[in-house]
Amino acid sequence: MFNLPSPLQQINSPLLKQSAVNLWLKRDDLIHSQISGNKLRKLTGYLQQKPQHIISFGGAFSNHLHALAAACQNQQIKLTAIVRGEASQQHNATLTALHNIGANLHFVDRQTYKLRNNADYLAQLQANNPKATIIPEGGYGHLGLHGLATLLNEVRQQLKADYFVCPVGSGTTLAGLCKHKKHHEKLLGICAIKGGEYLAQEVAQLAQRATDDFSLNCDFHFGGFAKIKPELIDFCIEFYQQHNVLLDPVYTSKAMYAVYQLIAQGHFTKQSNIVFIHTGGLQGWQGMIERQLLSNLQINALGLN
Ligand SMILES: Cc1ncc(COP(=O)(O)O)c(C=O)c1O
């Protein structure tokens, strides 16, 4: 059912040759059509507990809820998705998919959604649903870290990596890598959120490591979470056309853009192997199309038609 271990694909380009570094893509986007990228990795620990009912959180275009719904459908687990926003948004592609595979959608306003990590709110939710496993937004939490050990072990069988790079939203993926990494393996997270510097502390705490055990770069948010700019779309188009790999608009595009900039600035040691984790999220392009943020030309150039 899952395409594991996911392949490691070398990326070739004049910049990489000039800079004398090797860039590899860990193609976790190919693991599964819906439960792809870091989603399978982050959900593994939760699903191993064999829950009967899962409650989780996300926005109206959430990759996490989208993958979780497919995983719940596969394992016949009841899913209650607490969705930020109004029911009027429920016809978008992400939520339609959730609805169609049987998730129970519960819409809450922004104020209520802000309580998603509040201890009293969660205690009440648990009391109302005693058999449910509550998974925080984005799969955040200790159980979300287990599957990242498997990812690292897969790569170690494939190549000796010097750097791992991943995009950062909740910080769970970076924390999982940090917790399970070996001493010589360097980690770089590229934050998809504006003002995400606070995440360094959270990642360190979750991984039970020091903030020096990884780097977090917050310079490539392109104006904020899920904001997209023409140069980023152009970068995705060029990347797709040169390497036949589609990046997602919210996370991997910004992180790969950052990697190219950092390579050009000589950030990585020469001759090193940089492994970039393709964390999936490709369903996010539908959200961009629905919000009319792409021209027909761009849609065609990205192979999304
Ligand atoms: C495609 C994609 N990449 C990266 C991330 C960020 O991962 P994390 O929340 O573990 O930091 C997410 C969010 O979960 C995502 O959907």
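The rules we used
Residues numbered from 1 in each chain as written. Predicted model: local features only at pLDDT ≥ 70, side-chain atom pairs only at ≥ 80, totals over all residues. Heavy atoms only, no water. UniProt positions renumbered as here; feature names shortened; annotations may be inferred. Helix = DSSP H or I, 4+ residues; strand = E, 2+ residues; numbered from the N terminus. Buried < 20%, exposed > 50% of the residue type's maximum accessible area, 1.4 Å probe, protein only. Contact = heavy atoms within 4.5 Å. Expected span 1.5 Å × (residues − 1). Near = heavy atom within 4 Å. Polar contact = N/O pair within 3.5 Å; in protein donor to acceptor, adjacent residues only side chain to side chain. Areas by Shrake-Rupley, 256 points an atom, 1.4 Å probe, with all protein chains shown as cover. Nonpolar A, V, L, I, M, F, W, Y, C, P; charged D, E, K, R; others polar. Pairing = 2+ DSSP bridges. Axes fitted to C-alpha atoms, helices over the stretch in contact; angles between N-to-C directions.

With that settled, the discussion passes to the UniProt feature "modified residue: N6-(pyridoxal phosphate)lysine" (unreviewed entry) in the protein chain. Annotation from UniProt places "modified residue: N6-(pyridoxal phosphate)lysine" (unreviewed entry) at Lys39. The topology assignment puts lysine 39 in helix 2 (residues 38–47). On the basis of relative accessibility, which here comes to 9%, the residue lysine 39 falls in the buried class. If we ignore the near neighbours within four places in the chain, the residues touching lysine 39 are Asn63, His64, Ala67 and Thr279.

Moving on, we get to helix 10 (residues 230–243). Across its 14 residues, helix 10 extends 20 Å between first and last C-alpha, which sits within 8% of the 20 Å expected from 1.5 Å per residue. Buried residues of helix 10: Leu232, Ile233, Phe235, Cys236, Ile237, Phe239 and His243, and no others. The inward-facing, buried residues of helix 10 contact strand 1 (8–11), strand 2 (22–26), helix 11 (252–264), helix 12 (284–290) and helix 13 (296–301). Trailing helix 10 by a residue or two, asparagine 244 shows a phi angle of about 60°, which is positive.

What UniProt calls "active site" (unreviewed entry) maps, in this numbering, to Ser62. The topology assignment puts serine 62 in the loop between strand 3 (53–58) and helix 3 (63–74). The exposure class of serine 62 is buried, given its relative accessible area of 12%. Not counting residues within four places of it along the chain, the set of residues in contact with serine 62 comprises Thr94 and Gln283.

Moving on: the site of the ligand. Taken together, 15 residues lie around the ligand, and Lys39, Gly169, Ser170, Thr173 and Thr279 are the ones closest in. Note that an oxygen atom of the ligand is positioned 3.0 Å from one of the side-chain N or O atoms of asparagine 38. In this structure, threonine 172 approaches the ligand through a main-chain N or O atom, which is 3.3 Å from an oxygen atom. In isolation the ligand has 380 Å² of accessible area, and contact with the protein removes 98% of it. Elements supplying a minimum of two residues to the shell around the ligand: helix 2, strand 7 (163–168) and helix 8 (172–180). Counting residues per element, the shell around the ligand draws most heavily on helix 2, which supplies three residues. Residue composition of the shell around the ligand, grouped by class: three nonpolar, 10 polar and two charged.

Before going further, it helps to examine the sheet that holds strand 2. Judged by pairing direction, the sheet is mixed, and its six strands sit side by side in the order 1-2-10-7-8-9 without closing on themselves. In this open sheet, the two edge strands, each paired with only one partner strand, are strand 1 and strand 9 (215–217). Averaged over neighbouring strand pairs, the angle between their axes works out to 25° when direction is ignored. Pairing between strand 1 and strand 2: four bridges, direction antiparallel. Along strand 2, the bridge assignment pairs isoleucine 11 with leucine 23. Its contacts with the sheet put helix 11 on strand 1, strand 2, strand 7, strand 8 (186–191), strand 9 and strand 10 (273–277), and the angle it makes with strand 10 is roughly 165°.

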